[in-house]
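Results of the structural survey
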Protein chains: 2
Amino acid sequence: MPDTPRRSESRYGNRPTMKDVAARAGVGLKTVSRVVNGEQGVTPETERRVQEAIDALGFRRNDSARVLRKGRTASIGLVLEDLADPFYGPLSRSVEEVARAHGALLINGSSAEDPDREQELVLALCARRVDGLVIIPAGDDHRYLEQEIRAGVATVFVDRPAGKTDADVVLSDNFGGARDGVAHLIAHGHRRIGFIGDMPRIHTAAERLRGYLAAMEDAGIPVEDSWTSLGVTDPLRVRRAAEDMLRGPSPVTAVFAGNNRVSVTVIRVLAEQTRRVALVGFDDIELADLLHPGLTVVAQDASVLGRTAAERLFGQLDGSLIVPERIELPTRLITRGSGELPPAD
Amino acid sequence: MPDTPRRSESRYGNRPTMKDVAARAGVGLKTVSRVVNGEQGVTPETERRVQEAIDALGFRRNDSARVLRKGRTASIGLVLEDLADPFYGPLSRSVEEVARAHGALLINGSSAEDPDREQELVLALCARRVDGLVIIPAGDDHRYLEQEIRAGVATVFVDRPAGKTDADVVLSDNFGGARDGVAHLIAHGHRRIGFIGDMPRIHTAAERLRGYLAAMEDAGIPVEDSWTSLGVTDPLRVRRAAEDMLRGPSPVTAVFAGNNRVSVTVIRVLAEQTRRVALVGFDDIELADLLHPGLTVVAQDASVLGRTAAERLFGQLDGSLIVPERIELPTRLITRGSGELPPAD
């Protein structure tokens, strides 16, 4: 794991950090953390050395967290890409729960998938002095944030990575999840499998397409051009894409839907077909188990994504998390019927 | 319509408003609005009088709106009660679209149905100088806001009314919608109809219960205690309530679900029953039409609620809306099968 510190000073001016204590005591960060939090596994001699360094430097644990708990305007920002996408509901709520546990308010905003709007919103939130930001980025260049980060704004990217800047990132395993979902269709006898996804400039969409292609390649199936369709996820575009794949000389017998917005429209299109077409969707959907057939999905845990991101944010704020990390959370295949249908021909 | 102005001065200090122009020209507000916006239907003589008043007073149209469009930090706040409830997705998005059309940023927060949290969040947003607030209130006493309103913060309540203060309110017809939905079940032969709703201190829950009781009374059906259940809408509580109503000496043959959270659980409980039980739910649900049977609902248009509230907010900010109003939007019964099942016994 790289140990390059994100910034040379503590987030709160020149206040000593756990890292300073570790350097002075000649021990690792984890050891300092154990002593500070009163955990097991430190010899009395080491504990004494750490305590001396703490006293000498005047280190105080969770100082900023205590400030947060006291201050009336303590707050963090959450920048979403679409306020109406149900995927972000549980994510937002879990970020809010962590914020509340730290005595901070959460304020949200949406970029509506527009990089300029994202930057405007992020900088407006910084100008209103949020202590930190959880960002689902629309853009792919976040150098505009570096000055804010140096000025002490904690930052975690979630669902999609930061662009051109080093930052904490919490993602789902989009590639692996899509590959597993498509492999599941192949295992049920499908070879002509369609993929309908979001715009390819969106990280999650590109990763899921990559997963689809990898599964097809693993099975030695050449992918025809007419089997993949990427673009906006509005119902009209998705409907046309699905209908095109189901027609023509080489119609698909199964579809992999790149996200919940795509699944909802594909379910409707398939319900109108006379022959049965298999479907696996990325993202779980409310009531998916009560459809006929039930919808087989590659589920992300949006609530764990949000909680993990928010906890890292407060870890940055209390000085215990210094090195940016990329955390990838596993997805889970949930079989309910639609992904287990055999090829219709 | 009452004509008591909410405040004696314009929201932006002593700047003249359309109302001042109307008074000086001796015409109605609508006439001033027509002249200012260059619309038809004003005689040349009246137009001249209005123009003279405009010049004399130094009135400038949409001044604050133009300030909003120019200012980088122009923003409005939206206070929700639950970030994870899909009902608020389209509402939030339409508020955001109106804000964007006025060049303002939208920042959200959630009270998590806690009146103290609502007040804390509202005051924190005011301290960060939002120009206005759209509030889905958790509490029922909003006198804490009066000072902020006097200081110039525009305020519109949506989905639920303001408590103990005079303010713009945009609501759905919760009473009428629930009454129609229950009357629909009665028209299909049901007499033993259950009602499962949210906590009775929540305005929408109380209004919908009132609608249920009115429909039952209109049909001359005495309501047994065991047929109504109000409380939190988590799946465990709702499941128990539904199961209790379906058992015992006088089991219900139909259920009216008080909101989307309740419907989702009741659908699951009914899917496990051997006899068929009719169901009408308040609020539409994604994929409700693809269930078997399709879910009959009393639908609100969350997006129109949000847009109407946001437009009133900017109307207050540009000085064209002065008198607080209560706007009630109609609901719509959508029949899909579950509400048309006959009684099973």
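This write-up is about the structure you can find in this document. These numbers come from a predicted model, not from an experiment.

Rules of the game
Residues numbered from 1 in each chain as written. Chains lettered and ligands numbered in written order. Predicted model: local features only at pLDDT ≥ 70, side-chain atom pairs only at ≥ 80, totals over all residues. Heavy atoms only, no water. Phe/Tyr/Trp six-rings, centres within 6.5 Å; stacked < 30°, edge-to-face > 60°. Lys NZ or Arg CZ within 6 Å of the ring centre and 35° of its normal. Salt bridge = Lys/Arg side-chain N within 4 Å of Asp/Glu carboxyl O. Helix = DSSP H or I, 4+ residues; strand = E, 2+ residues; numbered from the N terminus. Buried < 20%, exposed > 50% of the residue type's maximum accessible area, 1.4 Å probe, protein only. Contact = heavy atoms within 4.5 Å. Buried area = accessible area lost by both parts, 1.4 Å probe. Polar contact = N/O pair within 3.5 Å; in protein donor to acceptor, adjacent residues only side chain to side chain. Least-squares fit on C-alpha atoms with pLDDT ≥ 70 in both. Pairing = 2+ DSSP bridges. Axes fitted to C-alpha atoms, helices over the stretch in contact; angles between N-to-C directions.

Quick look at the packing of aromatic side chains now. Within this structure, the stated rule accounts for six aromatic pairs over all chains. Put simply, the rings of A:F195, A:Y212 and A:F256 pair up and form one aromatic cluster. Looking at B:R208, its charged tip hangs above the ring of B:F282, at a distance of 3.8 Å from the centre. Here B:R210 stacks its cationic end above the ring of B:F175, 4.1 Å away from the centre of that ring.

Working definition: two side chains of opposite charge can pair if their charged atoms are close together. This model, assessed by the stated rule, comprises 37 salt bridges over all chains. In this structure, A:R312 and A:E325 form a salt bridge, with 3.7 Å as the shortest nitrogen-oxygen distance. Residue A:R312 is found in helix α12 (residues 302–317), and its partner A:E325 is found in the loop between α12 and β11 (326–329); the two are separated by 13 residues along the sequence. What makes A:R312 buried here is its relative accessible area of 8%. Between B:E272 and B:R239 there is a salt bridge whose closest N-O contact spans 3.0 Å. Remark: B:R239 occurs in helix α10 (residues 235–246) and B:E272 occurs in the loop between α11 (260–271) and β9 (278–282); sequence separation between them is 33 residues. What makes B:R239 partly exposed here is its relative accessible area of 24%. Here the salt bridges do not stand alone but share partners, grouping A:E81, A:E113, A:D159 and A:R160 into one network.

What follows covers the interface of chain B and chain A. Facing the 43 residues of chain B at the interface are 43 residues of chain A. For the pairing of chain B and chain A, the buried interface totals around 3900 Å² over both sides, and the portion due to carbon and sulfur atoms is 56%. Note that A:R268 and B:D289 form a salt bridge whose closest N and O atoms lie 2.3 Å from each other. If you look at where chain B meets chain A, you find eleven residue pairs in polar contact (both at pLDDT 80 or more).

Rotating chain B by 179 degrees and moving it 0.0 Å along the rotation axis overlays it on chain A with an RMSD of 0.3 Å. The symmetry that links the two subunits is that of a two-fold axis. When C-alpha positions in chain B are compared against the rotation axis, the closest is assigned to B:N108, at 2.4 Å. Most of the interface of chain B is mirrored in chain A, where 100% of its interface residues are also at the interface.

Pairing between sheet strands relies on hydrogen bonds along the backbone, with the strands arranged either parallel or antiparallel. Residues and elements named next belong to chain A. Strands sit in the order β7-β6-β8-β9-β10-β12 across an open sheet of six strands; the sheet is mixed. With partners counted over all chains shown, the strands left at the sheet margins are β7 (228–230) and β12 (332–334), one partner each. Within this sheet the neighbouring strands show an average axis-to-axis angle of 15 degrees, counted without direction. Bridging between strand β9 (residues 278–282) and strand β10 (residues 296–299) involves three bridges; their strand directions are parallel. Counted as the bridge partner of F282 is V298 from β10.

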